[in-house]
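Reading the structure
Here is what each chain is made of, one letter per residue.
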Amino acid sequence: MKIIDLRSDTVTLPTTVMREAIYCAELGDDVFGEDPTTNRLEKMAAERVGKEAAMLVASGTMGNLVCILTHCARGEEAILGDQSHTFPYEAGGISALGGIHPHTVRNQPDGTMRLEDIKTSIRGNNVHFPRTRLICLENTHNRCNGAAMTPEYTDAVVALSKERGLSVHLDGARVFNAAVALGIDVRELTRGVDSLSFCLSKGLSAPVGSVVCGTSDFIAEARRTRKVLGGGMRQAGIIAAAGIVALQQMVDRIEEDHKNARRLAEGIAHIHGLSIDLASVQTNIIYFDVVTDRLKAEKLVTELGKRGIKLLCVGPSRLRMVTHYGISSEDIDLALAALAEIMANV
Ligand code: TLP
């Protein structure tokens, strides 16, 4: 049976070119700074997002953790969206390992936090309060329908942070999806932030890895934090080699994933018993709801699973599908046909 895996873009497998690049990668000990392939990826990544320096890490979770731990000391506070990946999905790492106090601000459906809400959550100078140090953004916003935040919004948050002497970290796990969806250079989304982390292993299809970027001083300090976390990876060029191919060859094709997501969403909108907000579909992540009492979302996952189609159940009636390099437009047709058939029979 053909498997159509729409659970996440994390399931993407490396391309043939990546596998060849991994095989041929020139290697050294990266903890000594001597892995030529990792050095090449880091230079390329920094240039690509308009920062002075970059550093390869094992995952998006590690990227956010390294950056937030580098920005904040124990007892200091990071402002972040209540729907941000870092808050519910990173095992509380910033608190568990860094003693950092998360101060959540409500995410609007478009993934933004209102500037007013951010302003009121910044602490005054009072012995009772933790010190606010950092504001975290996420672009695209995973839990908010994969929404792409604009450069204007990002710049406004950055301006506020500067006014108040704070730093901004961007969880840019899918920042290239945002840039492609908005039709802009990724640097417009990263220019003001003090640090960002982007993933090689999601829409860009590399098997492992994320890259954190910032000033040379920030990255020098982040290397120490990564070491503390056990993230010094020695012959990391094995990973970086695929990352280089990801940056060179896999960014522009993301457009195709967005088209497939749109087609999938439009198809779902026509299926009786399912409901989707088409206006919210901007990138490769779509959320939709089962709106009939006769079927639970979990049961729909089971039924689709029997037909080789995988997706995520994220609530009693809510489901998520993500398009990526491993999904063709024919796969979208097959998934829609299976959904229509199941829903016609409930
Ligand atoms: N997201 C995963 C799951 O954890 C939900 C997914 O399938 O979408 N930031 C954002 C915005 C993310 O969506 C993710 C992964 C991460 C960070 C963490 O990346 P990894 O999985 O590499 O640690």
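Going by the structure above, here's the rest.
The sections below set out a description of the structure shown in this document. (Residues numbered from 1 in each chain as written. Predicted model: local features only at pLDDT ≥ 70, side-chain atom pairs only at ≥ 80, totals over all residues. Heavy atoms only, no water.)

Overview of the packing of aromatic side chains
Here is the rule: Aromatic pairing here means that ring centres of Phe, Tyr or Trp (its six-membered ring) are within 6.5 Å. Orientation follows from the plane angle: under 30 degrees is stacked, over 60 is edge-to-face, and everything else is tilted. Only DSSP runs of H or I covering at least 4 residues are called helices, and only runs of E covering at least 2 are called strands; the numbering of each starts at the N terminus. Burial status follows relative accessibility: with a 1.4 Å probe on protein chains alone, a residue under 20% of its type maximum counts as buried, one over 50% as exposed, and anything between as partly exposed. Working rule: Lys NZ or Arg CZ, within 6 Å of ring centre, within 35 degrees of ring normal, means a charge sits over the ring.
Under the counting rule described, the total for this entry stands at one aromatic pair. On the basis of an interplanar angle of 90° and a centroid distance of 5.2 Å, the ring pair of Phe 176 and Phe 198 is categorised as edge-to-face. Of this pair, Phe 176 sits in helix α8 (residues 175-182) while Phe 198 sits in strand β7 (residues 195-199), placing them 22 residues apart in sequence. Judged by relative accessible area, Phe 176 falls into the buried class, the value being 5%. Residue classification places Phe 198 among the buried positions, given a relative accessible area of 0%. Above the plane of the ring of Phe 129 lies Arg 123, whose end atom (NZ or CZ) is 5.6 Å from the centre.

Things to note about the packing of helix α1 (residues 16-24) against helix α11 (residues 237-249)
Using the following cut-off: In this analysis, axes come from line fits to C-alpha atoms, helices being fitted only over the stretch in contact, and the angle between any two N-to-C directions falls in the range 0 to 180 degrees. In this scheme, a crossing is called left-handed if the near helix is turned counterclockwise away from the far one by less than a right angle; it is called right-handed if the turn is clockwise. Residues count as neighbours in contact if any of their non-hydrogen atoms are within 4.5 Å of one another. Residue type decides the class: Asp, Glu, Lys and Arg count as charged, Ala, Val, Leu, Ile, Met, Phe, Trp, Tyr, Cys and Pro as nonpolar, and the leftover types, Gly among them, as polar.
Two elements in contact, α1 and α11, have axes whose closest approach is 8 Å; the angle formed by their N-to-C orientations is 145°. As for how α1 packs across α11, the hand of that crossing is right-handed. Between α1, through Val 17, Met 18, Ala 21 and Ile 22, and α11, the contact on the second element is made entirely by Ile 238, Ala 241, Ala 242, Val 245, Ala 246 and Gln 249. Looking at the contact of α1 with α11, its residues break down into nine nonpolar, one polar and no charged.

Structural notes on the packing of helix α3 (residues 60-71) against helix α10 (residues 216-228)
Spelled out, the test is: Angle categories: roughly parallel below 35 degrees, roughly antiparallel above 145, roughly perpendicular from 65 to 115, and oblique for all the rest.
The N-to-C vectors of α3 and α10 enclose an angle of 115°; their axes lie 9 Å apart at closest approach. By the angle class used here, α3 and α10 are roughly perpendicular. The interaxial crossing formed by α3 with α10 has right-handed handedness. Contacts between α3 and α10 pair Met 62, Val 66, Cys 67, Leu 69, Thr 70 and His 71 from the former with Phe 218, Glu 221, Ala 222, Thr 225 and Arg 226 from the latter. Here the residues of the contact of α3 with α10 sort into six nonpolar, three polar and two charged.

Some words on helix α2 (residues 36-49)
Rule in force here: Helices are assigned an expected span. That span is 1.5 Å times one less than the residue count. The directions considered for the arc are those from the helix axis to the C-beta atoms. Definition of a polar contact: a pair of N or O atoms within 3.5 Å, with one able to donate and the other able to accept a hydrogen when the atoms are protein atoms, and with sequence-neighbouring residues admitted only if both atoms are side-chain atoms.
Between its first and last C-alpha atoms α2 spans 20 Å; for 14 residues at 1.5 Å apiece the expected length is 20 Å, and the two agree. Turning to α2, its buried residues number three or more, namely Thr 37, Thr 38, Leu 41, Glu 42, Ala 45, Ala 46 and Val 49. Along α2, the residues classed as buried sweep out an arc of 165° about the axis, all on the same side. Looking at where α2 begins, the residue whose side-chain oxygen comes 3.2 Å from the main-chain nitrogen of Thr 37 is Asp 35. Directly beyond the C-terminal end of α2, a positive phi value near 75° is found at Gly 50.

As for the nonpolar core
What counts, and what does not: In this description, a nonpolar core means a group of buried Ala, Val, Leu, Ile, Met, Phe, Trp, Tyr and Cys residues linked to one another through side-chain atoms lying within 4.5 Å.
In terms of nonpolar packing, the biggest core is built from 49 residues, with Ile 118, Phe 176, Phe 198 and Leu 200 touching the most fellow members. Among the elements that make up this core, the one with the highest residue count is α11 (seven residues). Beyond its immediate sequence surroundings of up to four residues, Leu 200 is in contact with Leu 41, Leu 56, Ser 205, Ala 206, Val 208, Gly 209, Ser 210, Val 211, Gly 243, Ala 246 and Leu 247. Counting 29 residues, the second largest nonpolar core, distinct from the first, contains Leu 264, Leu 274, Ala 297 and Ala 335.

Overview of unusual backbone geometry
Here the residue pair Asn 139 and Thr 140 is connected by a cis peptide bond, since its omega of 0° sits within 30 degrees of zero. Following the sequence through the fold, Thr 140 ends up in the loop between β5 (132-138) and α7 (151-163).

With respect to the pairing of strand β6 (residues 167-171)
Taken residue by residue, a regular strand's side chains alternate between the two faces of the sheet. Put simply, the rule reads: Looking down the strands as they point away from the viewer, one classifies a crossover as right-handed if the path from the first strand across the helix to the second runs clockwise. Between any two strands, pairing holds if DSSP finds at least two bridges.
Counting buried positions over the five residues of β6 gives four, a clear majority of the element. Crossover connection from β5 via α7 to parallel β6: handedness right-handed. Bridging between β6 and β7 involves three bridges; their strand directions are parallel. Looking at β7, one finds that His 169 is bridged to Ser 195.

Side note on the site of the ligand
Our working definition: Here a residue is near a molecule or strand as soon as one of its heavy atoms is found within 4 Å of it. Areas reported as accessible are Shrake-Rupley estimates using a 1.4 Å probe. Residue values count occlusion only from the protein chains shown.
Taken together, 14 residues are adjacent to the ligand, and Ser 8, Gly 60, Thr 61, Asn 142 and Asp 171 come closest. The contact in question runs from an oxygen atom of the ligand to an N or O atom on the side chain of Ser 8, over 2.7 Å. Within the complex, the protein chains bury 81% of what would otherwise be the 510 Å² of accessible surface of the ligand. The element that contributes the greatest number of residues to the shell around the ligand is α3, accounting for three residues. Grouping the amino acids of the shell around the ligand by side-chain chemistry returns one nonpolar, seven polar and six charged.

Re the side chain of His 141
Positionally, His 141 belongs in the loop between β5 and α7. For His 141, the side chain forms a polar contact with the side chain of Asn 107, separated by 3.5 Å. Among residues more than four places away in sequence, those in contact with His 141 are Gln 83, Ser 84, Asn 107, Gly 111, Gly 146, Ala 147 and Met 149.

Let's talk about the sheet that holds strand β13 (residues 318-322)
Here we have four strands laid out as an open sheet, ordered β9-β10-β13-β12, and antiparallel in their pairing. The sheet terminates laterally at β9 (274-275) and β12 (312-313), the two strands that pair on one side only.

Things to note about the pattern of salt bridges
This is how the line gets drawn: Definition used for salt bridges: Asp or Glu carboxyl oxygen within 4 Å of a side-chain nitrogen of Lys or Arg.
Taken as a whole and assessed by the stated rule, the structure comprises 22 salt bridges. Here Arg 253 makes a salt bridge to Asp 257, at a shortest N to O gap of 2.6 Å. An identical accessibility class is assigned to Arg 253 and Asp 257; each is buried. Lys 306 is the partner of Glu 303 in a salt bridge, and the nearest nitrogen-oxygen pair spans 2.8 Å.

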